[in-house]
Amino acid sequence: MDNKNFFKWKDGRTYLIIIGGLIAIIAYYQPILALLLAIALAFLVYKYIITLREKEEEWTKYIEGLAEEFDTATKHAVFNMPFPLVMLEMDGTISWYNTRFIDMMEEKDILNKKIDEILPKLRVETILKDANKAPLKIEYNNQHYEVHYNIVDGKKTISTKGNIIMLYWVNKTEQALLYNRYEEEKIAVCLAYIDNYDEVKNTTPEINRPLVLAEIDKTINAYATMNHGLVRKYENDKYILIFESKSLQQIQNRKFDILDRIREIDKGNSISITLSMGVGINGKNPNENYEYARAAIDIALGRGGDQAVVKDNNNLSFYGGKTKAIEKRNKVRSRVISHALMQLIDQSEKVFVMGHKNADMDSFGASIGIIRAVRNRNKKAYFILGGVNPSIKNIYVRMEEEQPEYLDLILEPEEAIDMVDRSSLLVVVDNHKPSFTEAPELLDLTDKVVLIDHHRRGAEFIKDLVLTYLEPYASSTCELVTEILYYMSDKMEMTKFEADALLAGITVDTKNFTFQTGVRTFEAASILKRAGADTTSVRQLFRDDFNTFLHKAEVVKNSKVVFEKIAIGKLDSEMEDSILIAAQSANDLLNINGVEATFVLTLWEGKVHISGRSLGNISVQLILEKLGGGGHLTSAGTQIEGKTLEQVEEMLIEAIDEYLKEGEEE
């Protein structure tokens, strides 16, 4: 269309006005000429209007033709789209689809059917609620699709229907298979340590020793080969293994059955062989996976050995750990820890000692022992204690009577926070979980933190320790502290009260020397006995009042047995010594014939506390770890907030059932 010879309306109107003005001037002087010019002007106006209308009609036809061409192109593009397309009504009813969509469907008669009847994983509600319009991941008929969608407003179309949903299906099967292959071929680094290599070697007859050691190597090498892995032995009792992620998944599904294979080795060895494994996966590079594996093996050993720990970034998975930790007979580590702690004390002006919340005899006694070690080095020691509970009430009263100077050393957590500085030494005893300490804030206020604990290591752990003494084989933290005191000086310098406090801690955690008791437990007790400890005085620390005795009897009376060998009791009313009654009741329930493990639930400060005890065949630690707790094979606990006793009891029974099923699978 050529419109170059036509002037625009705005310009034409201006020219006509000017001409009209000139004709008016001419009419004043030459009327006849002006009349002729006026006729000519009228013709020009008429001609201009006709031309303008013709241009409007021509533009209208052009636009209509363009719209028809665009509509045709759009229809052609939709019908011949290179990927599946389906249109849905707002309730999910299929109203239209293209050829490629019906080709990918197994069912061909799909018109006017609901999309979720054909593809249950595709929910219209999900599309309508998603404001970000993120593509949906749908797997159908062994194909992986990325479904993009668009909601078309019916008001903006010539259709009288309501809104429609358009789904565009992009086949991502190749990318999905490539990603799965990438995930399956990721490298996992595994460190494997023989826990009791020296003990096995020293106790095995010399004629059988080569056979036992060769069988260990053979079993580990065969296991690596079976799982398409690589294994290298870099020390007598240490191995490094490399697996693909796919193989590691299979190993996890089998619950690391190599632990059982190693334990079953019998080539003349007099004691069972145990293996610990730490696995690192999904690090940024192989070196980070190796660091993960080192952290995992430390956790496995810290939990007593004979188990595997998988570290996947910040996630930890535990396997095994259902046997009792083997007591280490070598006392070199105790001597080394003792001298290292002595040097740290000598280098510090102030030493703070802290146990766990709701202190028990072991936490209290160990703290007293460390304070004695500090005072023997002529340094100032402070005892962080958040309050006196029924578990330590008797020993605290004795302290007030026999050694009142200790009262000046006791600080509330808030007071300790104000006094501590970066050069202070903080010794944490009988607990390795930051959230369970009396004052978690203190851990970040000093650069020197020492840990002494006997509990099996859990996922939560104090970071950046300058000295760690974590020995799950030990009966109690008081046993470890007694050994430290013994090696610090040739002469044991402690008062009768301090010796009684340490012996009381050992007595409580061993249930009067019947559980978790080894040779070194009795050796520690003999050291304390020589230092002045009196078993009769210690026993008096555990005497209960009449009401406590009645409450324990009530718990035992109302308890029930589940799974034929596990007793569960409840203390319904909250009182000052609820936790103590629960712990003692759990011990008492073990005296019932046929009962192998016990759990007692109680209320305290708005939380439900569970005390678990076991004869050793059932790991109460693994059961209560499922509920966020921890402890030992034979003694563990946890606390749960925001639940009733009945709800927590159901959770506990589910955790027990899961634990027992895992045992059956293994």
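Throughout this description, residue numbers start from 1 for each chain and increase along the sequence as written. Two thresholds apply to this predicted model, a pLDDT of at least 70 for residue-level local features and 80 or more for giving and counting side-chain atom pairs, whereas whole-chain, interface and lining totals are computed over all residues. As a rule here, side-chain values cover all heavy atoms of the structure and leave hydrogens and water aside.

The name an unreviewed UniProt entry gives the protein is Cyclic-di-AMP phosphodiesterase, with [Clostridium] ultunense Esp as the organism. UniProt positions are given in the numbering used here, feature names are shortened, and annotations may be inferred rather than shown by experiment. The Catalytic activity (unreviewed entry) comment attached to the protein in UniProt states, word for word, "3',3'-c-di-AMP + H2O = 5'-O-phosphonoadenylyl-(3'->5')-adenosine + H(+)". Quoted verbatim from the Subcellular location (unreviewed entry) field of the UniProt record, the comment on the protein reads "Cell membrane".

Asker: Describe the UniProt feature "transmembrane region" (unreviewed entry) in the protein, naming the residues involved and giving the relevant values.
Answerer: Under the UniProt annotation, "transmembrane region" (unreviewed entry) lies at residues 15-46. A run of H or I in DSSP becomes a helix once it reaches four residues, and a run of E becomes a strand once it reaches two; helices and strands are each numbered from the N terminus. When the span residues 15-46 is considered, its composition is 97% helix and 0% strand, and the gap between its end C-alpha atoms is 14 Å.

Asker: Tell me about the packing of helix 13 (residues 361-376) against helix 14 (residues 393-402), and name the residues and values.
Answerer: Axis definition: a line fitted to C-alpha atoms, limited for helices to the stretch in contact. Angles are taken between N-to-C directions and run from 0 to 180 degrees. One can describe the packing of helix 13 onto helix 14 by two numbers: an axis separation of 10 Å at closest approach and a directional angle of 30°. By the angle class used here, helix 13 and helix 14 are roughly parallel. Note on element contacts: helix 14 touches helix 13 through Ile395, Tyr396 and Met399, opposite Met361, Phe364 and Ile368. Of the residues in the contact of helix 13 with helix 14, the class split is 6 nonpolar, no polar and no charged. For classification purposes, an angle smaller than 35 degrees is called roughly parallel, one larger than 145 roughly antiparallel, one from 65 to 115 roughly perpendicular, and anything else oblique. Contacts are assigned to residue pairs that have any heavy atoms within 4.5 Å of one another. Residue polarity is assigned by list, with Asp, Glu, Lys and Arg as charged and Ala, Val, Leu, Ile, Met, Phe, Trp, Tyr, Cys and Pro as nonpolar; anything else, Gly included, falls into the polar class.

Asker: Run through the packing of aromatic side chains, naming residues and quoting values.
Answerer: Between rings of Phe, Tyr and Trp, where Trp is taken as its six-membered ring, a pair exists when centres lie within 6.5 Å; planes separated by under 30 degrees are stacked, by over 60 edge-to-face, and by other angles tilted. With the rule as written, the count across this model stands at 11 aromatic pairs. Residues Tyr97 and Phe101 carry aromatic rings whose centres are separated by 6.4 Å and whose planes lie at 40° to one another, so their mutual orientation is tilted. Of the residues examined, Tyr97 reaches a relative accessible area of 24% and is grouped as partly exposed. What links up through ring pairs into an aromatic cluster is the set Tyr97, Phe101, Tyr145 and Trp169. Cation over ring: Lys238 sits above Tyr193, and NZ or CZ is 4.9 Å from the ring centre. For the exposure calls, accessible area comes from a 1.4 Å probe over protein chains only, and a residue counts as buried if that area is under 20% of its type's maximum, exposed if over 50%, partly exposed in between. The rule for a charge over a ring is simple: NZ of Lys or CZ of Arg within 6 Å of the ring centre, and within 35 degrees of the ring normal.

Asker: Describe unusual backbone geometry, and please don't skip the residues or the numbers.
Answerer: Backbone geometry places Asn142, a non-glycine residue, at a positive phi of 65°. Counting through the fold element by element, Asn142 comes out in the loop between strand 3 (136-140) and strand 4 (143-152). Of note, Asp464 is a non-glycine position whose phi angle comes to about 55°, a positive value. For Asp464, the position within the fold is in the loop between strand 16 (448-453) and strand 17 (467-470). Classification of Asp464 as exposed rests on a relative accessible area of 69%.

Asker: Tell me about the pattern of salt bridges, and name the residues and values.
Answerer: For this analysis, a salt bridge means a side-chain nitrogen from Lys or Arg found within 4 Å of a carboxyl oxygen belonging to Asp or Glu. Going through the model one piece at a time under the given rule, you end up with 29 salt bridges. The shortest N-O distance in the salt bridge between Arg333 and Glu471 comes to 2.6 Å. Highlighted residues: Arg333 in helix 12 (residues 332-346) and Glu471 in the loop between strand 17 and helix 16 (477-488), separated in sequence by 138 residues. For Arg333, a relative accessible area of 38% translates into the label partly exposed. Its relative accessible area of 9% is what places Glu471 among the buried residues. Between Glu649 and Lys560 there is a salt bridge; the shortest N-O distance is 2.7 Å. Here Glu649, found in helix 23 (residues 645-665), pairs with Lys560, found in strand 18 (residues 560-562); they are 89 residues apart in sequence, far enough to count as distant. Taking relative accessible area as the criterion, Lys560 reaches 39% and is therefore assigned partly exposed. Taken together, the salt bridges that share partners define one network made up of Arg398, Glu402, Lys496 and Asp500.

Asker: Could you give an account of the domain arrangement of the protein, with specific residues and numbers?
Answerer: For each domain, the first and last residues come from an automatic or database assignment. Per the domain assignment, the segments making up the protein are domain 1 (12-78), domain 2 (85-180), domain 3 (188-320), domain 4 (337-542) and domain 5 (546-663). Between the C-alpha centres of domain 2 and domain 4 the distance comes to 65 Å.

Asker: Outline the packing of helix 16 against helix 18 (residues 519-530), listing residues and values.
Answerer: Their axes nearest at 9 Å, the elements helix 16 and helix 18 cross at an angle of 60°. Our classification of the angle between helix 16 and helix 18 gives oblique. Judged by the twist between their axes, the crossing of helix 16 over helix 18 is left-handed. Contacts between helix 16 and helix 18 involve Glu479, Thr482, Glu483 and Tyr486 on the former and, on the latter, Arg520, Thr521, Ala524, Ile527 and Leu528. Residue composition of the contact of helix 16 with helix 18, by class: 4 nonpolar, 2 polar and 3 charged. In this scheme the handedness of a crossing depends on how the near helix is turned from the far one: anticlockwise by less than a right angle means left-handed, clockwise means right-handed.

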